[in-house]
Amino acid sequence: MQFDLSDEQAMLQDTVHRFLAEAGGLERARAFAAGGEARAVDLATGLAQLGVTGLLVAEEHGGSGLTLLDAALVAEVLGRHVAPTAFIGAAVLAPMALQRAGSRSQRDHWLPRLAAGSVTAGVALSEHAGAREDAAVEARDGRLHGRALFVIDHEADIYVIADRQGGLHLIAADAAGLTRTRLNTIDVTRPTGELRLDGVAAEPLEGANPALIRDLIDAGRVMYAADTLGAAQEMLDRAVAYAADRKQFGRPIGSFQAVKHMCAEMAAGLEPCRALVWYAGHALGALPGEASLTACHAKAHLAEVGTMVARTATEVHGGMGFTDLVGLHYWFKRIGFNRQMLGGPQRVREEAAQMVLSG
Amino acid sequence: MQFDLSDEQAMLQDTVHRFLAEAGGLERARAFAAGGEARAVDLATGLAQLGVTGLLVAEEHGGSGLTLLDAALVAEVLGRHVAPTAFIGAAVLAPMALQRAGSRSQRDHWLPRLAAGSVTAGVALSEHAGAREDAAVEARDGRLHGRALFVIDHEADIYVIADRQGGLHLIAADAAGLTRTRLNTIDVTRPTGELRLDGVAAEPLEGANPALIRDLIDAGRVMYAADTLGAAQEMLDRAVAYAADRKQFGRPIGSFQAVKHMCAEMAAGLEPCRALVWYAGHALGALPGEASLTACHAKAHLAEVGTMVARTATEVHGGMGFTDLVGLHYWFKRIGFNRQMLGGPQRVREEAAQMVLSG
Amino acid sequence: MDLSYSQEHEAFRSEVVAFLREHADAAPRAGKGDAKAWQKLLIAHGYAARTIPRDYGGYGAEPDILKSRIIAEEFARAQTSPGMGGQGISMLVPTLLEMGSEDQKRQFIGPTLSGDLLWCQGYSEPDAGSDLASLRTKAVLDGDDWVVSGQKIWTSTAHLADWIFCLVRTEPEAAKHEGISFLLFSMKTPGIEVRPLVDMTGVANFNEVFFTDVRVPKHQIVGRRGEGWKVANAILKHERGSLADPNTMLSRLNTLSELMKTETVDGRRAIDDPVFRDRLMQVHGRVLAMRCNDLRLLSAAVNKTPASLAGMVVKLQGTELRHELEALAIDVMGEFGLLYTGSPQLRTQGSWQRDYMFFLGLIIGGGTSQIQKNIIAERGLGMPREPKTVST
Amino acid sequence: MDLSYSQEHEAFRSEVVAFLREHADAAPRAGKGDAKAWQKLLIAHGYAARTIPRDYGGYGAEPDILKSRIIAEEFARAQTSPGMGGQGISMLVPTLLEMGSEDQKRQFIGPTLSGDLLWCQGYSEPDAGSDLASLRTKAVLDGDDWVVSGQKIWTSTAHLADWIFCLVRTEPEAAKHEGISFLLFSMKTPGIEVRPLVDMTGVANFNEVFFTDVRVPKHQIVGRRGEGWKVANAILKHERGSLADPNTMLSRLNTLSELMKTETVDGRRAIDDPVFRDRLMQVHGRVLAMRCNDLRLLSAAVNKTPASLAGMVVKLQGTELRHELEALAIDVMGEFGLLYTGSPQLRTQGSWQRDYMFFLGLIIGGGTSQIQKNIIAERGLGMPREPKTVST
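Residues numbered from 1 in each chain as written. Chains lettered and ligands numbered in written order. Predicted model: local features only at pLDDT ≥ 70, side-chain atom pairs only at ≥ 80, totals over all residues. Heavy atoms only, no water.

Some remarks on the overall build of chain C
Right, on to step 1. Helix and strand counts for chain C come out as 12 helices and 10 strands.
Right, on to step 2. Overall, the C-alpha framework of chain C stretches about 75 × 55 × 45 Å when taken along its three principal axes.
Right, on to step 3. Considering chain C as a whole, with its 392 residues, one finds that 55% of them fall into the buried category.
Right, on to step 4. By element, 51% of the accessible surface of chain C is carried by carbon and sulfur atoms, the whole surface being about 17200 Å². (Helix = DSSP H or I, 4+ residues; strand = E, 2+ residues; numbered from the N terminus. Buried < 20%, exposed > 50% of the residue type's maximum accessible area, 1.4 Å probe, protein only. Areas by Shrake-Rupley, 256 points an atom, 1.4 Å probe, with all protein chains shown as cover.)

This is how it looks when you write it as C-alpha cells:
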C-alpha cells in the first residue's frame, strides 16, 4: 500500500523540471509568445531526449513504456513552467491511439518516430467532448470530410482524427484537401487549430472504437487537470513569495490576515487536488471501472479550483499581477485554457452524473 | 423622483419596531418557542391595534389601505425581531385574495374582521409554487378534496385555499372533513401546517383566477424576501456589536482583519438587497409589467445573501453563535425557512428565466 | 502507486472479518447491550486499545497504521460498534502514556480503557476560545490541595463523566503560556456544578462547568506546575480529524442521491433536475478529492513521509464541505427540508437540518476556520506572523 | 416611493432628445469625427461641463442630479458620445474649483474642458499602492523651481497627456501624510520618460512614468506645501463608480442572453441548458440589486439624504459581479470562449475574455477588494481599526 510517487516518478518530475527551468521557464514562454516560432524546437528536442515524447511508447518501439500517471506527472511540470510545447496530443493521445488501435505496421512505423520526437502528432477529437457549431468529421471511402475544431497540438506533422462514428484516422499535415487554420486563444503557449477536411485521403486505425475514444478523452482530461495543478501550484507559490517580499504600511503584505487567508484558501483548495490527480492518473491504467468517473471529477474540480487560484494569486500580486511585468498571466491563461478544453466543468460534471446516477 | 421611504413609511417601521422591542423581541420569540401558546395573543392584539393586520384592507373596511411596499416594510421589521406572529398569510395574502376576488358580501363580512384581527386567516397555495408529494386540492360541487401542504399562518380561524385550477375558496378551521396537522419546522416562530380535505364545504371566491394566484405568490415572495432582509440585517448588526465587545488575544475580535472582512462581505452583499426589496415591493402595486420578475429575483437573491449572512454572522459569534445562549439561531432558522417557502431560489430563478428569455 | 495490501494485511483483514462474523451479535447497538463487556472482548482480541502496553490494560501490539485502518474499515462495513471512544480514551490515554507518571499510568489508563472511568475535558472558557492560553480558571495551592475556582465551557460529556482533565492557571505571575497546569480530578468533588448548554440543534451537546473552591489533591497534576500548556499540546497532537471523515461523507452523499430519486416537485424527481445534479456532482468531486487526500495521508503515515499541508487542510475543507452537502439536501427537499423533530413527514430523521447546523458548529469549534487559515498560512505556507501590536 | 420625473424634468428630457435628433450625426464615433467641435457644442448647450461656471469655460447651470442623469441616459440610449472624459475633466477640474487659486482656475479649467489640454494622474508608485501615502517621488525646492525625481506607475494616459497632476514628497521630515504636495506640470518638461505598461489583456492600458530632475515652476502647486494629501482626497471624492455602472452591466447581460441563443453544443442552444440558465439568473438578480442600489444612491443625492454604506459597496460588488458575468460568458462559449485577438471565429470582438481580465484589474485597481473591505468595515460599520503594530 503506497499512495505516493515512487522515487522514479519523483525523479522524472525533477528531471523535466530542471530541464525546463534551465531552458528559461517563464522567459522561454515569453519568447515563444513574442512570435516567430511555430514550435519551440529546443524544448521539443530536449524533452524528446529526456524521453518525454516516448513516455507511453512501449520499449520495443523506442519508448519507456511508462504509465498515464507518469504522463500526468509530466503534464503537471509542464503546467508549472507554462512550457510552450506539444505534449497532450503528441505524447499522450496520439501514442495511445496508435498503440491501442494501430496495425502492426502502423505501430512499427509511427511509434518510434513519435517517441524520438522526429514526428509530432496533433489530435482532433474535441467533437466527442461536445461539438461546437455542429463541427464533425465524416469518413467515406477512405476519405475524410468535414471540420474538426480545437485540435490539440495543432502545429504538427500528422494528425490523429476521430470521426463521428468513433473511428480514428491518420492524415499528413500536407495532405491534399486539408486546410489548417490556427485559432488564436488566450493561451499562446499551446497552439490550437481548426482542420477543414475536403475529401482528405486518410489511413484508418482499424482497431478504433467508441470505447477507445472514451479512454482518450479520459486521459486528455486528466492531463489538463494535471497541467492546471502544476500551473496553480506555481501561482500559489509565487503569491506566497510575493507577499513575503512586498511591503506596504511598513510590513510585508503577507503579514496581513486578509492576504494570509487568501493564500490559505488557495492552499486548502489546491492541496487535496494533488491526491485527486494522482488517483485519476493511476485509475486510467489500473482501475478501469473508476477511470472515467475520476477523470471527469479531476477535470471539473481542477477547473474550479484552478480558476479560484488563478484569480486569487493575481489579486495577491495587486496591480503587478495585472501587468505583463511579472508574467503571472501566462499561468492564469493556461488555467483558463485547460478549463474549457475537452469539456468545461459543467459538461464534464453532467457526464459524471450520468455514470454515478445510472450506476 | 424619490426612491426612498416616505416619512410615513419610516414611522410605520419605527412604530412596529418599538412595539416588538417592548414586547420582548427575542425573549418573546423564546417564550413562544417554549410552547404552550398556539398564537402569541399579545403580539396579535398589539399589531392589530397598530393597524398591521389591516394594513392592506381598504379604509371602508376598517383598514388603512396601504400598499404592498408598506407590507414588505412591516415584514422586514417582523424578521428583524423574529416575531412569532401571523402576517404573510393573515395580513397580506388573505386580504389581497378577498379584496380582489371576494364578492361584495364576502368583503363586507371578512375584511373588517381580518383588519381588526378578530379573525386570523391561513393561506394554502404552496402547490402553485411547486407541488411536493403530488399534493393538490380539487374543488367539486362546492366541496374541497385533497391535501394542501405548507399552509402559511397555519394557526388560523379560516383558510383561503387555492385549488389546482387556480380557484380560491374559504373554509372555517372547524369545518367537517378537515384534518389539520402542524408541521414542525426549524422556524418555531411561524406555525406551518398541512390540511387534509375530505369533502369540506367551501365558499368560493368567485373572482379568483390564475393571474390572481400569480399575484399572490409574487406578493408572498417579496414578503419572505423582506423578512429575510430584516433578519439578516439584525444578524449583521449583532455580529458587528459582538465583534466590538468580544476580546481575544488582548484585542476586540472586530479589530482582526479576518473578522472585519467577514462583516464587510455581509454588508456588501446585504446593503443592495434593501433597494431590491424596496423596488420589488413597489413594483407589486405600481409596476405590473415588472412585478413577477422582480419578485422572483428578490426572493432568490435574498435567499442566497440571507444564507451567507446567517452562516457568517454565526461564525463571527464563534461558539457562542452555536449555542442557544445568545439566540442567534432564531434568525438563522427564520432565514432558512424563508429560503424554501413559496419556492427555493433555484426554482424561482427558473421562473425568472422563463419570463426573461421568452420575453 | 500501489493501492493493494500485503498478504499479511489481507490475512489480518480475514481475521477481523471472521471475528465480526462470530461475535458481532454481542456488540451494543443503538445504546442497548453491554458496552463494557464488548470493550473488554475487543481489547482481548486487539481490536481496541491495540497499541497500549499490556501492563496498562491494553493489547500491547506494535503500531501498524494499516491494521488500524483495516479494523476501522471492517467494523464500519459490519456496522458494528468499534468499542468505546470519548476524550478519555482518544486524548487522555495517549497523553498519560507520554507525560504521565508511572503511578498515573497504572491508576488511570486501565479503568479508562475498560470504560470504568469516563472523562471530560476542561479546556475552553467563556473568554478563552481561540485564545485558549488566556484561560482564567485558577488553582491555588492550600496545604496539600489545589483549590480550583472558575468556569469551563464546551465540556461535552461533563454530565456523564467520572473525572475531568482540566487546564488551570497556577502561576498568575508567569507569561500566559507558562502559568498553566494540567490537573485530574473527580467530577464528584464538592464545588462542581454542571449546567447543560443547549445549542442551535435544540440539544445539549455541551455543558458549562462551574468550579467553586474545588479541592484537588496536590499530586493529581500531570507534568510539573506551569507545564500544562505543553501537556495540552501533547493532547492536541492526538486529536483526530475524524469528524470530517471522507468515507462518511461519501456514504452521506449516497444517501442524498437516493433521496433525490424519491423527492419530487410537480411530479418531477430531484435527480432529474440538471441544476441539482450539477450541485451534487460539484460536491461529489470535492468529496473524492478529500478521499484521495485521506489516502495520501494514510500512505504518508504508513511510510513515514511528510504530508503536512495535506493534513492541515482536512478540518477546514472537510467541515465546510459537509455543511454544504447538508445544505444541498435541504434545497433538494425544499419546504420538506424545513421539517424538524416531531414532524410526521420528516426525512432521514431530520438529520439533514441537524447536521447542517452541527457542522456549522464544527466549522467554528476546535479552532474556527479563521484560526485554521492562520495555521495553514503560517505553519503550512511559512507566511510571516502578524507583527506584535501595541497593547491598548 | 415615486419613480416618476417632474414636468420640468420631462421637458428637459424632450429637449435633450430633440438636440440628439438634430445633432447626433456630428458626434465622433469609433475614434472618427471632430471630438473637440462636438465637445464645444455640448458645452454650449449645457450637456457637458454643465455646472462649471461660465467664467471658467463651463455652462454655468445650477447642479441638478436628475438633469445630469437624464443627459447620461439619453446620450447612452442614442449611442452618442457624451463628450470628453478623462482624468482632467472628471477629477482635476472639480479639484481646482475647490482648492485651486483663481489664476489656476482661469489658466487650466477652460482648456481642459474644451479638450485642448489633456491630463494624466501621477499618484501610485511601485512601492506605494494600497499604502499611497508612503509615496517617495520627491520634489526639492531649488531657486524658483521644484526639482522632481522618482517614478509613477498606473498612469493611464501618460503617452497622450499634455500635463500631469502629480503627488510628490516635499517635506521628507514630516509625518507621511503631511509631507506631500500636489504639483501640476507639462509632460513636455525635460527629464520625463514614459514607458508603456503592457497588461494581461495584451494592451498597454497604463504607463510607467520616470522623472529625472524635472524642473517645475514653484507656483505650479495646488494648495500649500504639505497639503497634497488633502488635495488628493478632495479629488478622490470626485472619482466615480462609473466603471461598475449597473446599466452597462444590464446591457452586457442582454448581450450575453443573445449570445446564449446562438451558441450550441451538440446542437443544443446554451440558453436551453438549465445550469447556464440558473447561473445567468443568479447574475441577473445581482445586477438588478445593484441597479436598485444605484437608483437609491441617485435618489439620496437628489434629496440630500445619507446612503453612505450603499455607496461604499458599489466598487467592490460591481467589479466582482462584472468579472463573474464575463466568466459565465466564457463558460457558455466553452472552447470558443478561449479565442482571442486575431481569431476568425471570435465572438463579440473577443470582449468577453478582455473584460474578464480587465475587470479583474479593476477589482485590484483603485483600492483592492481588501482595502475596500477595510473601508466598509471601519467607516461603514464602525468596526475598530487594527491596533498599531510594533514596527520591526
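Focus: the environment of L346(D)
Right, on to step 1. Tracing the chain through its elements places L346(D) in the loop between α10 (314-333) and α11 (351-364).
Right, on to step 2. With residues near it in sequence (within four places) discarded, L346(D) still touches L339(D), Y340(D) and T341(D). (Contact = heavy atoms within 4.5 Å.)

Quick notes on the side chain of R28(A)
Residues and elements named next belong to chain A.
Right, on to step 1. Along the chain, R28 turns up in helix α2 (residues 26-33).
Right, on to step 2. Taking relative accessible area as the criterion, R28 reaches 10% and is therefore assigned buried.
Right, on to step 3. Apart from the residues lying within four places of it in its own chain, the contact partners of R28 are A23, E37, A40, D42, L43 and P84.

Some thoughts on the interface of chain A and chain D
Right, on to step 1. Between chain A and chain D, the residue contacts involve 47 residues of the former and 54 residues of the latter.
Right, on to step 2. For the pairing of chain A and chain D, the buried interface totals around 4200 Å² over both sides, and the portion due to carbon and sulfur atoms is 57%.
Right, on to step 3. At the junction of chain A and chain D, the tally comes to seven salt bridges.
Right, on to step 4. Put simply, D266(D) and R347(A) hold a salt bridge, and the shortest N to O gap is 3.3 Å.
Right, on to step 5. Taken together, the elements giving at least two residues each to the side of chain A that touches chain D come down to β3 (143-151), β6 (178-183), α8 (257-286), α9 (288-316), α10 (319-322), α11 (328-340) and α12 (345-358) of chain A.
Right, on to step 6. Grouping the constituent residues of the side of chain A that touches chain D by class yields 16 nonpolar, 17 polar and 14 charged. (Buried area = accessible area lost by both parts, 1.4 Å probe. Salt bridge = Lys/Arg side-chain N within 4 Å of Asp/Glu carboxyl O. Nonpolar A, V, L, I, M, F, W, Y, C, P; charged D, E, K, R; others polar.)

Some remarks on the packing of helix α8 (residues 257-286) of chain B against helix α12 (residues 369-380) of chain D
The relative placement of two packed helices comes down to the angle between their axes together with the axis-to-axis distance.
Right, on to step 1. For the pair α8(B) and α12(D), interaxial distance at closest approach is 8 Å and the crossing angle is 80 degrees. As the angle between them shows, α8(B) and α12(D) are arranged roughly perpendicular. Residue-level inspection shows Q257(B), K260(B), H261(B), A264(B), E265(B), A267(B) and A268(B) of α8(B) in contact with α12(D), the latter providing Q370(D), K373(D), N374(D), I376(D), A377(D) and E378(D).
Right, on to step 2. For the contact of α8(B) with α12(D), the per-class residue count stands at five nonpolar, four polar and four charged. (Axes fitted to C-alpha atoms, helices over the stretch in contact; angles between N-to-C directions. Parallel < 35°, antiparallel > 145°, perpendicular 65-115°, else oblique.)

With respect to the pairing of strand β1 (residues 119-122) of chain C
Residues and elements named next belong to chain C.
Right, on to step 1. Alternating residues of β1 divide into W119 and Q121 and C120 and G122, and every residue in both groups is buried.
Right, on to step 2. By the bridge criterion, four bridges tie β1 to strand β4 (residues 163-169) in an arrangement that is parallel. Residue pairing across strands places W119 opposite W163, the latter belonging to β4. (Pairing = 2+ DSSP bridges.)

A look at the pattern of salt bridges
Right, on to step 1. Within the structure shown, the criterion is met by 134 salt bridges over all chains.
Right, on to step 2. Put simply, D116(C) and K36(C) hold a salt bridge, and the shortest N to O gap is 3.2 Å. Residue D116(C) is found in the loop between α5 (102-114) and β1, and its partner K36(C) is found in helix α2 (residues 35-45); the two are separated by 80 residues along the sequence.
Right, on to step 3. Two residues, D294(D) and R69(D), come together in a salt bridge whose shortest N-O distance is 3.2 Å. Highlighted residues: D294(D) in helix α8 (residues 274-303) and R69(D) in helix α3 (residues 65-77), separated in sequence by 225 residues. An identical accessibility class is assigned to D294(D) and R69(D); each is buried.
Right, on to step 4. Here the salt bridges share partners, and the residues they tie into one network are E133(A), R147(A), E194(A), R196(A), E263(D) and R347(D).

Structural notes on the pairing of strand β7 (residues 192-201) of chain A
On a regular strand, one side chain projects to one face of the sheet and the next to the other, so that they alternate.
Residues and elements named next belong to chain A.
Right, on to step 1. In terms of burial, β7 is largely enclosed, as seven of its 10 residues are buried.
Right, on to step 2. Here β3 runs beside β7; their pairing, made up of seven bridges, is antiparallel. Residue pairing across strands places L144 opposite V200, the latter belonging to β7.
Right, on to step 3. Alignment of β6 against β7, held across six bridges, turns out to be antiparallel.

Digging into the side chain of K373(C)
Right, on to step 1. Looking at the element boundaries, K373(C) is found in helix α12 (residues 369-380).
Right, on to step 2. A polar side-chain atom of K373(C) sits 2.7 Å from a polar atom in the side chain of E265(A).
Right, on to step 3. Excluding residues that lie within four positions of it along the chain, K373(C) makes contacts with H261(A), A264(A), E265(A) and L316(C). (Polar contact = N/O pair within 3.5 Å; in protein donor to acceptor, adjacent residues only side chain to side chain.)

Section: the nonpolar core
Soluble globular proteins tend to bury their nonpolar side chains together.
Right, on to step 1. Core analysis: the largest hydrophobic core is formed by 417 residues, its most contacted members being F87(A), L168(A), M223(A), F87(B), L168(B), L184(C) and L184(D).
Right, on to step 2. Contacts of F87(A), omitting those with residues within four sequence positions, involve V52(A), A71(A), V74(A), A75(A), L78(A), V92(A), D153(A) and M223(A). (Core = buried A, V, L, I, M, F, W, Y, C linked by side-chain atoms within 4.5 Å.)

Observations concerning helix α7 (residues 210-245) of chain B
All names here are of chain B.
Right, on to step 1. Here α7 contains 36 residues, and its C-alpha end-to-end distance of 52 Å stays within 8% of the 52 Å for a straight helix at 1.5 Å per residue.
Right, on to step 2. Within α7, 27 of the 36 residues are buried, which leaves it mostly tucked inside the rest of the structure.
Right, on to step 3. Here α7 starts with a cap whose side-chain oxygen sits 3.0 Å from the backbone nitrogen of A211, and that cap is N209. (Expected span 1.5 Å × (residues − 1).)

Some details on the sheet that holds strand β4 (residues 158-162) of chain B
Residues and elements named next belong to chain B.
Right, on to step 1. Strand order in the open sheet formed by four strands is β1-β4-β5-β8, and the pairing between neighbours is mixed. Whereas interior strands pair on both sides, the edge strands pair on one side only; in this sheet they are β1 (121-124) and β8 (203-205). Looking at each pair of strands side by side, their axes are set apart by 25 degrees on average, direction ignored.
Right, on to step 2. Judged from the three bridges that link them, strand β5 (residues 168-172) and β8 form a sheet pairing that is antiparallel. Of the residues in β8, the one forming a bridge with H169 is P204.
Right, on to step 3. Sitting on the sheet, helix α5 (residues 88-101) is in contact with β1, β4, β5 and β8, with an inclination near 75 degrees to β1.

Details of the packing of aromatic side chains
Geometrically, a pair of aromatic rings is defined through the distance of the ring centres and the angle of the planes.
Right, on to step 1. Here the structure, examined in full by the defined rule, presents 44 aromatic pairs over all chains.
Right, on to step 2. Ring centres of F3(B) and Y279(B) lie 6.2 Å apart, and the angle between their planes is 50 degrees; on these two criteria the pair is classed as tilted. Residue F3(B) is found in the segment before α1 (7-22), and its partner Y279(B) is found in helix α8; the two are separated by 276 residues along the sequence. The two residues F3(B) and Y279(B) agree in class, both being buried.
Right, on to step 3. Through a chain of ring-to-ring contacts, three or more aromatic side chains come together here, namely F108(C), W119(C), Y123(C), W163(C), F165(C) and F182(C).
Right, on to step 4. Of note, R251(B) hangs over the ring of F256(B), and the distance from its end group to the ring centre comes to 3.8 Å.
Right, on to step 5. Across the ring face of Y59(D), the terminal group of R54(D) is positioned such that the distance to the ring centre comes to 5.2 Å. (Phe/Tyr/Trp six-rings, centres within 6.5 Å; stacked < 30°, edge-to-face > 60°. Lys NZ or Arg CZ within 6 Å of the ring centre and 35° of its normal.)

Focus on the interface of chain B and chain C
Right, on to step 1. In this complex, chain B contributes 48 residues to the contact, which on the side of chain C involves 54 residues.
Right, on to step 2. Our count for the chain B to chain C interface comes out at seven salt bridges.
Right, on to step 3. Where chain B touches chain C, the interface holds 22 residue pairs in polar contact (both at pLDDT 80 or more).
Right, on to step 4. Looking at the side of chain B that touches chain C, the elements that each hand over two or more residues are β3 (143-151), β6 (178-183), β9 (247-248), α8, α9 (288-316), α10 (319-322), α11 (329-340) and α12 (345-358) of chain B.
Right, on to step 5. At seven residues, α11(B) tops the list of elements feeding residues into the side of chain B that touches chain C.
Right, on to step 6. Taken together, the residues of the side of chain B that touches chain C break down into 16 nonpolar, 17 polar and 15 charged.

Some details on the sheet that holds β3(B)
Residue and element names in this part refer to chain B.
Right, on to step 1. Read across the open sheet, the four strands follow the order β2-β3-β7-β6; overall the sheet is antiparallel. The strands lining the two open edges of the sheet, one partner per strand, are β2 (137-140) and β6. The average undirected angle you get between the axes of adjacent strands in this sheet is 10 degrees.

Observations regarding the domain arrangement of chain A
Residue and element names in this part refer to chain A.
Right, on to step 1. Each domain of chain A was delimited in the assignment, giving domain 1 (7-116), domain 2 (121-208) and domain 3 (211-357).
Right, on to step 2. For domain 1 and domain 3, the distance between their C-alpha centres works out to 21 Å.
Right, on to step 3. Across the contact, 25 residues belong to domain 1 and 27 residues belong to domain 3.
Right, on to step 4. Across the domain 1/domain 3 interface, buried area totals approximately 2100 Å², and carbon plus sulfur atoms make up 68% of it.
Right, on to step 5. For the interface between domain 1 and domain 3, the tally reads four salt bridges.
Right, on to step 6. Within the residue set of the side of domain 1 that touches domain 3, elements represented by two or more residues are α2, α4 (68-80) and α5 (88-101).
Right, on to step 7. The greatest single-element share of the side of domain 1 that touches domain 3, amounting to 10 residues, is contributed by α4. (Domains from an automatic or database assignment.)

Remarks on unusual backbone geometry
Right, on to step 1. Look at F249(A): it is not a glycine, yet its phi comes out positive at around 55 degrees.
Right, on to step 2. Along the polypeptide, F249(A) turns up in the loop between β9 (247-248) and β10 (251-252).
Right, on to step 3. Phi at V82(B) takes a positive value of approximately 35 degrees, unusual for a residue other than glycine.
Right, on to step 4. Accessibility expressed as a relative area gives 0% for V82(B), which makes it buried.

A word on the state of the cysteines
Right, on to step 1. In this structure the tally under the stated criterion is zero disulfides over all chains.
Right, on to step 2. The thiol of C273(A) is not disulfide-bonded; the next cysteine sulfur, from C292(C), is found 10 Å away.
Right, on to step 3. On the basis of relative accessible area, C273(A) is assigned to the buried category, the value being 0%.
Right, on to step 4. C263(B) carries a free sulfur, and the closest cysteine sulfur to it, the one in C273(B), is 16 Å from it. (Disulfide = S-S within 2.5 Å.)

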